[in-house]
Amino acid sequence: MKDKKQYYTKEAYLGNTEIITFVNGKEEFSDIVSDYNVEGYTECLRTMGYVYGYPVVDIEAKKKRIEELEKELEYAKQDYEDAHNNPIKNN
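What you see is a predicted model; the values in this text were computed from it and never measured. Residue positions are counted from 1 within each chain, in the order its sequence is given. In keeping with the model being predicted, local features are shown solely for residues with a pLDDT of at least 70 and side-chain atom pairs are shown and tallied solely at 80 or more, while totals for entire chains, interfaces and linings include all residues. Values reported for side chains reflect all heavy atoms of the structure, with hydrogen atoms and water molecules removed beforehand.

Caption draft 1: The arrangement of the pairing of strand β3 (residues 26–34) in detail. Two strands pair if DSSP finds at least two bridges between them. Note on conventions: DSSP H or I runs of at least 4 residues are helices, E runs of at least 2 residues are strands, and numbering of each starts at the N terminus. Examined bridge by bridge, strand β2 (residues 16–23) and β3 share eight bridges and lie antiparallel to one another. Bridging from a neighbouring strand, V23 pairs with K26 of β3. In this structure, the hairpin formed by β2 and β3 is closed by a connection of two residues, where N24 is found at a positive phi of approximately 55 degrees.

Written out as structure tokens, the structure is:
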């Protein structure tokens, strides 16, 4: 069976990115590289069969944020409708 190789990136500190690799779901290693080296580093990983993966924690956090933004959008739409239907006109 072929190994499942994945990697993902996250900000390490100013001007640097952490690149974390996994094989079959287990962390293999991580490196911190300068931001200007990320593209070359990840290109090397891709040539070795790695694909970009998305951590479940990140996906769940993004899903929650989307839900929050959708609620805010609904409130904003309602505020707009209320203002549109009940304007205060100055004479």
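Now that the structure is up, let's keep going.
Caption draft 2: Summary view of the pattern of salt bridges. Whenever Lys or Arg places a side-chain nitrogen within 4 Å of a carboxyl oxygen from Asp or Glu, that contact is recorded as a salt bridge. Counting across every chain of the model gives six salt bridges. Two residues, R65 and E72, come together in a salt bridge whose shortest N-O distance is 3.9 Å. Residue classification places E72 among the partly exposed residues on the basis of a relative accessible area of 46%. In this structure, E74 engages K77 in a salt bridge whose closest nitrogen and oxygen atoms are separated by 3.9 Å. Within this pair, E74 and its partner K77 are both found in helix α2 (residues 56–85), separated by three residues, close to a single helical turn. On the basis of relative accessible area, E74 is assigned to the partly exposed category, the value being 47%. The buried label goes to any residue with under 20% of its type's maximum accessible area, the exposed label to any with over 50%, and the partly exposed label to all in between, with areas taken from a 1.4 Å probe on protein chains only. Accessibility expressed as a relative area gives 45% for K77, which makes it partly exposed. Connected through shared salt-bridge partners, E39, E43 and R46 make up one network.

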